[in-house]
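# Structural overview for review
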Amino acid sequence: MSSGVVIIGGGGHAKVVIESLRASGETVAAIVDADPTPREVLGAPVVGDDLALPGLRAQGLSKLFVAIGDNRLREKLGRRAREQGFTLVNAIHPSAIVSPTAQLGEGIAVMAGVAINADSQIGDLAIINTGAVVDHDCRLGAACHLGPASALAGGVTLGERAFLGVGARVIPGVTIGADTTVGAGGVVVRDLPDGVLAVGVPAQIKGDRP
Ligand code: JB2
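Residues numbered from 1 in each chain as written. Predicted model: local features only at pLDDT ≥ 70, side-chain atom pairs only at ≥ 80, totals over all residues. Heavy atoms only, no water.

Around the ligand, the surrounding shell holds 17 residues, and the nearest of these are Gly12, His13, Asp33, Asp50 and Gly69. For the ligand, an oxygen atom lies 2.6 Å from a polar atom in the side chain of Asp33. Between the ligand and Asp50, the relevant distance is 2.6 Å, taken from a nitrogen atom to a side-chain nitrogen or oxygen of the residue. With the chains in place, 59% of the 760 Å² that the ligand exposes on its own is no longer accessible. Those elements giving two or more residues to the shell around the ligand turn out to be α1 (12–23) and α3 (71–83). Its residues assigned to classes, the shell around the ligand shows 6 nonpolar, 8 polar and 3 charged. (Near = heavy atom within 4 Å. Polar contact = N/O pair within 3.5 Å; in protein donor to acceptor, adjacent residues only side chain to side chain. Areas by Shrake-Rupley, 256 points an atom, 1.4 Å probe, with all protein chains shown as cover. Helix = DSSP H or I, 4+ residues; strand = E, 2+ residues; numbered from the N terminus. Nonpolar A, V, L, I, M, F, W, Y, C, P; charged D, E, K, R; others polar.)

Quick look at the structure:
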């Protein structure tokens, strides 16, 4: 067992990531999950919890993907996996359209049906979920998450760990702060600061992020 990707997390997000990896020709070698009960997730074995990672690395496995939806936890686990000598790979579904001038970091999920347009930059460990759209010249910080069918118009900036819920939309040139959440279906028409929850059409700040 010295090829294939090690996956951190064996929940719902991992299922979608596993199918993206396989669709792009990768194999999944092993999953580690906080619940180490031996089992399979879509045919991939759960081999233990995070304490199993050094042993997997010692077996020669070097590619890893953090399949955890929680932005802070994903960022923390990605940092730790790198310290353990793993390389964070991207999981890009073959149906995604990624501009040749877009710049992608490491450990990024780009799900089925996504479009990422010219000169956009996507930070490490971001999730661009199913059917999301990133138009030209956007800047997405590390460990942010664009929910399914959300959309950024051109020149949008998203801070680290920001989260857009399913179907949220952002008009051109807007900046959304780090750790800010936009609720499902929200339409963002002006800048949002760090660490807030904004909901509605147009999106209004309702307090601190949950
Ligand atoms: O520290 C951890 C850890 N904490 C939780 N290390 C490892 N290796 N695993 C951890 N987990 C595991 O992550 C839990 O035991 C559980 O199996 C999994 C989380 O699964 P869940 O289905 O609850 O969430 P998810 O992160 O896979 O998916 C969320 O985010 C996605 C983007 C959900 O909200 C999905 O609906 C969403 N699409």
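Before going further, it helps to spend a moment on the side chain of Ser150. Turning to its location among the elements, Ser150 is positioned in the loop between β16 (145–146) and β17 (151–152). At a separation of 2.7 Å, a polar atom in the side chain of Ser150 contacts the main-chain carbonyl oxygen of Gly147. Dropping the residues within four chain positions of it, Ser150 is found in contact with Gly131, Ala132, Val133, Leu164, Gly165, Gly167, Ala168 and Arg169. (Contact = heavy atoms within 4.5 Å.)

With that settled, consider the sheet that holds strand β23 (residues 187–188). Spatially, β8-β11-β14-β17-β20-β23 is the arrangement adopted by the 6 strands of the open sheet, whose pairing is parallel. Lying at the two open borders of the sheet, with one neighbouring strand each, are β8 (97–98) and β23. Pairing of strand β14 (residues 133–134) with β17, which is carried by 2 bridges, proceeds in the parallel orientation. Bridging across to β17, Val134 finds its partner in Leu152. (Pairing = 2+ DSSP bridges.)

Before going further, it helps to spend a moment on the environment of Gly107. Summarising the element assignment, Gly107 is placed in the loop between β9 (103–104) and β10 (109–110). Judged by relative accessible area, which is 2%, Gly107 ranks as buried. In the structure, Gly107 is positioned 35 residues away from Ala142 in sequence and 9.8 Å away in space, judged by C-alpha atoms. Not counting the four nearest positions on each side in its chain, Gly107 is found in contact with Phe65, Leu88, Val89, Asn90, Leu125 and Ala126. (Buried < 20%, exposed > 50% of the residue type's maximum accessible area, 1.4 Å probe, protein only.)

If you walk across this open sheet you meet the 8 strands as β7-β10-β13-β16-β19-β22-β24-β25, and the pairing is mixed. The open sheet has two edge strands, β7 (91–92) and β25 (204–208), and neither has a second partner. Pairing geometry for β10 and strand β13 (residues 127–128), over 2 bridges, is parallel. If you follow Val110 over to β13, its bridge partner there is Ile128.

Remember that side chains alternate between the two faces of the sheet whenever the strand is regular. Taking burial as the measure, the 5 residues of strand β2 (residues 28–32) include 5 buried ones, the bulk of the element. As paired elements, strand β1 (residues 5–8) and β2 share 4 bridges and run parallel to each other. Across the sheet, residue Val6 finds its bridge partner in β2, namely Ala30. A crossover connection joins β1 to the parallel β2 through α1; in handedness this β-α-β unit is right-handed. (Right-handed = clockwise from strand over helix to strand, strands pointing away.)

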